[in-house]
Amino acid sequence: MNNKISYLLNTVRCMHRCNFVLTSKSSATTRKHILWIGRYRDALENVNFRKMFLNICPSLHGSSLQFLSQKTDVFSTKLQPEKSTETLASEQAPQSSLGLEKLDDSGSFKVKHAVDNSEPFFNSLQKCTCPCDVLDVAAESAVSIKHYTNCLTTIWRLFKHLSEDQQRYEKQLIFEHPTFVKLCQHLLQDSRRMMRSDLVFSLHAVVNLGIPQNTLLVQTLVRVCQEKLNQLDNRCISVLATTLRGLDKDKNVSALQAGLQLLVEQRIPSIRDIFILQNLMKCLGKDAPEFLKKKLEMAVLKEIDHLTFPNALRVFLALVAMNYCSAPILNACSKKIQENVHDAPFRQLILILEACHSLQYRNVKLFSALADYVNSTACLWDKRQIILFLSACETLGFQPGELMGTFAEKVIEDPEFLNLKNLLIVLRVYSRLNYVPRDQKHLFFETLDSCLNKKLPHISNTELLKAVYWLCTLGYLPHHALDKLLQKDSRDELLLSDDLYKEQKEMMLHCVKACMELDSPSFTKPASVPTESFSSLLSFNLRKAREALIELLGDENMFRQNVQLPYKYHIDFEIRMDSDRKKVLPIAATDDHADSSVQRLAFLFLPLSAFCVGTMHPQGKLAMKKRHLNKLGYHVILVLNKTFQEMTSEDAVEFLKGKMYSENAFHLSEVTVQDNN
């Protein structure tokens, strides 16, 4: 009994000293007294808490910070204090005062309080409007670990909704507040006695508030989470997984991640909340083993009927984080997004397109729904937003024709908004996707050319080359820009520069020169085109086409394969026919014929990437090649190689026969390619 009274008196004296220190006006005196008190308290508190928790030192070297050693028991103390009544009550509470709500748009956890609202402390806590208000409330009335953990999570909840500038200012106020140090001390002391949800939410808040990972506080909480890992429920696991994403790998974090991965593997069959599943997918990330990714996929598919629109967006991003393309999940998410596209903020539209690109997922119906929505609400968007959307479509190789037409009209009406960066993006997008407005073609080109001319005095040679190349790809020659580009100084700088893009620059210059000759109004079709044939270099993918042509024509001399043309152009097969295209002529017999009685057919077998997604509409470089081959006297027939390879031998012969003898053989129809739906 005497020992208990003595211990109580010592505790009162210690609290009196702490109260004197925390109410002192002098920061220097405060630090001095905290250090003095630390000499007489247990080993857990024998640190410079202000420096330890607030990270005010620019460098860790030579500071008084104490870090967790792998070999040191941070819980060994000279005197273990008895548990307070509040602490015991907290341990015996049937439920935590903290729960988990769904993620908000920023991907952060929301914490909800399931506490007795009649308690004055928690009523005061809920009325706080900024983190420092919470600390003031804690200084006045917080007495238990439950109070302190609720204070910490409330601080984080209020802090995350501030702007970036406000966060910087508020963070400084938080770390300089004396109650924050006291709060961290209690977390460190009582970490092993905390309830599981209090523990993981406290770690989540501490990490996100920016307390350094190598401080004793963070490392201790990580170690305790590791010890209590098997006691965590599914929601706590989800919170912990999210927290670990914000930590660098060290021994403690790596051990906790490994244990968490094993626990997730065991718990997956029991998880029915798609929110938790998508969060675990995002947190486990690319390093998760393939079998675990497959398990998560199957768990999500079991709950796919309960998919909501917000979850569909998050699952998209979770699959990106895990680097796992699951067509069934993506198709279901795509359908949900298409149904609710009008509820999606603009930023999420971009994120969806970027996710599709990362996962190499092509869904024409989804892309079209997004593009139609942006086009129908184009008057509501800033022009720069539309440029951003078009750029994301260009990355996917998808041509949103109606939106590009609408935006072209906006450019013609008001070209002044196009700075150099936006002008280059517009040129790149329209060039690669091979789109030219039908009704206002010349006016559109002249507007872009005029914008480019205004920027010539300030444009770099590399940017000038790109702009000219993209315009030439579309079939337009910007004369003033060409004159500047082809000046000796500009050309030499581009060709003599030794960088990673030298070959690309040489290719672009070559294409520009070819366009200047072949697209010039003064160019006339040559009487004959010099060609070379390299049969031995025929690609393996073209052997089926060669065999089909032999079966169709009966002789190898009736066609030429792997033909090299001027301007470094190449065609896979060349066939010559009479003017009525009813008879195939031998190659050797028509070499000297320069009259119009001979028609040359050029077969190009191409990959999917050469066309805009979902169509047989050629992208920019292919469209330029097709245009130039026409100028050289060839009728070009484009064949999707993947589709051709899937044909039987009989169907392949009939397909080539139809292309050769049909009146529209060289006018390729728009064929829709099967999408992922």
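All figures in this text were calculated on a predicted structure; none of them were measured in a lab.

Structural notes on the overall build of the chain
Point 1. Scanning the chain from terminus to terminus reveals 31 helices and eight strands.
Point 2. Buried positions account for 50% of the 677 residues belonging to the chain.
Point 3. Summarising the internal contacts of the chain: among those between residues at least 6 apart in sequence, 73% fall at separations of at least 24.

Re a negative patch on the surface
Point 1. Among the surface-exposed residues, Glu551, Glu650, Asp651 and Glu654 lie close enough to one another that they form a single negatively charged patch.
Point 2. One can find aspartate 651 in helix 31 (residues 649-661).

Thoughts on the pairing of strand 7 (residues 598-606)
Point 1. In terms of burial, strand 7 is largely enclosed, as nine of its nine residues are buried.
Point 2. Here strand 7 pairs with strand 8 (residues 634-640) via seven bridges, running parallel. Residue pairing for strand 8: leucine 601 is matched across the bridge by histidine 635.
Point 3. Remark: the strand 7/helix 29 (residues 620-631)/strand 8 crossover connection has right-handed handedness.

Quick look at the environment of histidine 147
Point 1. Along the chain, the position of histidine 147 falls in helix 7 (residues 145-160).
Point 2. It is 8.3 Å that separates the C-alpha atoms of histidine 147 and phenylalanine 122, two residues lying 25 residues apart in sequence.

Description of the packing of helix 26 (residues 488-496) against helix 27 (residues 502-518)
Point 1. In contact at an axis separation of 8 Å, helix 26 and helix 27 are set at 140° when each is read in the N-to-C sense. When the axis of helix 26 is compared with that of helix 27, the two are oblique. Taking contact as the criterion, the partners of Arg491, Leu494 and Leu495 in helix 26 are, on helix 27, Lys502, Lys505, Glu506, Leu509 and Lys513.
Point 2. Residues of the contact of helix 26 with helix 27, tallied by class, amount to three nonpolar, no polar and five charged.

Focus on the packing of helix 7 against helix 10 (residues 196-209)
When two helices pack together, their arrangement is given by the angle between the helix axes and the distance between those axes.
Point 1. Put simply, helix 7 and helix 10 touch, their axes get as near as 9 Å, and they point 40° apart. What the angle tells us is that helix 7 and helix 10 run oblique. As for the relative orientation of helix 7 and helix 10, their crossing is left-handed in sense. Residues Lys146, Thr149, Leu152, Thr153, Ile155, Trp156 and Phe159 of helix 7 lie in contact with helix 10, whose contacting residues are Asp198, Phe201, Ser202, His204, Ala205, Val206, Asn208 and Leu209.
Point 2. Residue composition of the contact of helix 7 with helix 10, grouped by class: eight nonpolar, five polar and two charged.

Considering the nonpolar core
A general feature of soluble globular proteins is that nonpolar side chains tend to end up buried together.
Point 1. Membership of the largest hydrophobic core comes to 178 residues, with the highest contact counts inside it found for Leu240, Phe389 and Tyr430.
Point 2. Non-local contacts of leucine 240, meaning those with residues more than four positions away in its chain, are made with Val200, Leu203, Cys225, Leu229, Leu232, Leu256 and Leu260.
Point 3. Of all hydrophobic cores here, the second largest spans 22 residues; its members include Met558, Phe559, Phe603 and Leu656.

Things to note about the packing of aromatic side chains
For any two aromatic rings, the description comes down to two numbers: the centre-to-centre distance and the angle of the planes.
Point 1. Within this structure, the stated rule accounts for 15 aromatic pairs.
Point 2. Between the aromatic rings of tryptophan 156 and phenylalanine 159, the centroid separation amounts to 6.2 Å while the plane-to-plane angle is 35°, which identifies the pairing as tilted. Of this pair, tryptophan 156 and phenylalanine 159 both sit in helix 7, three residues apart, roughly one helical turn. Assigned by exposure class, tryptophan 156 and phenylalanine 159 land together as buried.
Point 3. A centroid spacing of 6.0 Å and a plane angle of 70° characterise the contact between phenylalanine 559 and phenylalanine 573, whose relative ring orientation is edge-to-face. Within this pair, whereas phenylalanine 559 is found in the loop between helix 28 (543-553) and strand 4 (560-564), its partner phenylalanine 573 is found in strand 5 (residues 570-578), the two being separated by 14 residues in sequence.

A few points about the confidence of the model for the chain
Point 1. With 78% of its residues at a pLDDT of 70 or more, the chain shows a mean pLDDT of 79.
Point 2. A low-confidence stretch, residues 16-118 (pLDDT under 50), is modelled with 188 contacts involving residues beyond four sequence positions or located in other chains.

A closer look at the environment of leucine 606
Point 1. Among the structural elements, leucine 606 can be located in strand 7.
Point 2. Setting aside residues no more than four positions away along its own chain, leucine 606 makes contact with Phe611, Leu622, Leu638, Val639, Leu640 and Asn641.

Considerations on the pattern of salt bridges
Point 1. All told, the structure shown has 21 salt bridges when counted by the stated rule.
Point 2. Close ionic contact of aspartate 382 with arginine 384 constitutes a salt bridge, the shortest N to O distance being 3.0 Å.
Point 3. We classify aspartate 382 as partly exposed; its relative accessible area is 33%.
Point 4. Residues joined in a network through salt bridges with shared partners are Glu164, Asp165 and Arg168.

Section: the state of the cysteines
Point 1. Under the definition given, this model contains zero disulfides.
Point 2. Not part of a disulfide, cysteine 515 finds its nearest cysteine sulfur in cysteine 472, a span of 4.9 Å.
Point 3. By relative accessible area, which is 0% here, cysteine 515 ends up buried.

Concerning helix 19 (residues 364-376)
Point 1. Between its terminal C-alpha atoms helix 19 stretches 18 Å, which fits the 18 Å expected from 13 residues at 1.5 Å a residue.
Point 2. What helix 19 keeps buried is the set Val364, Leu366, Phe367, Ala369, Leu370, Ala371, Tyr373, Val374 and Asn375.

Scoring rules and cut-offs
Numbers given to residues run from 1 along each chain, matching the order in which its sequence is written. Two thresholds apply to this predicted model, a pLDDT of at least 70 for residue-level local features and 80 or more for giving and counting side-chain atom pairs, whereas whole-chain, interface and lining totals are computed over all residues. The basis for every side-chain value is the complete set of non-hydrogen atoms in the structure, without hydrogens or water. Strands are runs of DSSP state E lasting at least two residues, helices are runs of H or I lasting at least four, and both sets are numbered from the N terminus onward. Accessibility here uses a 1.4 Å probe with only protein chains present; expressed as a share of the type maximum, an area under 20% marks a residue as buried, one over 50% as exposed, and anything in between as partly exposed. Whether two residues are in contact is decided by their heavy atoms: any pair within 4.5 Å suffices. Residues with no salt bridge and a relative accessible area higher than 30% make up the patches, which join like charges within 9 Å and nonpolar side chains (Val, Leu, Ile, Met, Phe, Trp, Tyr) within 5 Å. The method behind every accessible area is Shrake-Rupley, applied with a 1.4 Å probe, and residues are considered shielded solely by the protein chains displayed. For this analysis, a salt bridge means a side-chain nitrogen from Lys or Arg found within 4 Å of a carboxyl oxygen belonging to Asp or Glu. When charges are counted, Lys and Arg are positive and Asp and Glu negative, with His and the chain ends excluded. Positions of charges follow a simple convention, taking NZ of Lys, CZ of Arg, CG of Asp or CD of Glu. Note on pairing: DSSP must find at least two bridges between two strands before they are called paired. Handedness of a crossover is defined as follows: with both strands directed away from the viewer, a clockwise route from the first strand across the helix to the second makes it right-handed. Every axis corresponds to a line fitted to the C-alpha atoms, with the helix fit spanning only the stretch in contact, and the corresponding angles, defined between N-to-C directions, vary from 0 to 180 degrees. Note on angle classes: values under 35 degrees are labelled roughly parallel, values over 145 roughly antiparallel, values of 65 to 115 roughly perpendicular, and the remainder oblique. Note that Gly is not counted as nonpolar here; it falls among the polar residues with everything else outside the nonpolar set of Ala, Val, Leu, Ile, Met, Phe, Trp, Tyr, Cys and Pro and the charged set of Asp, Glu, Lys and Arg. Crossings are assigned a handedness: left-handed for a near helix turned anticlockwise from the far helix by less than a right angle, right-handed for a clockwise turn. Residues belong to a common nonpolar core when they are buried Ala, Val, Leu, Ile, Met, Phe, Trp, Tyr or Cys residues joined through side-chain atoms within 4.5 Å. Centre distance within 6.5 Å is the pairing criterion for rings of Phe, Tyr and Trp, where only the six-membered ring of Trp is used; planes under 30 degrees apart are then read as stacked, over 60 as edge-to-face, and the remainder as tilted. Each residue gets a pLDDT score, which is the predictor's confidence in that residue and runs from 0 to 100. Any pair of cysteine sulfurs within 2.5 Å is marked as a disulfide. Each helix should span, by expectation, one fewer than its residue count multiplied by 1.5 Å.

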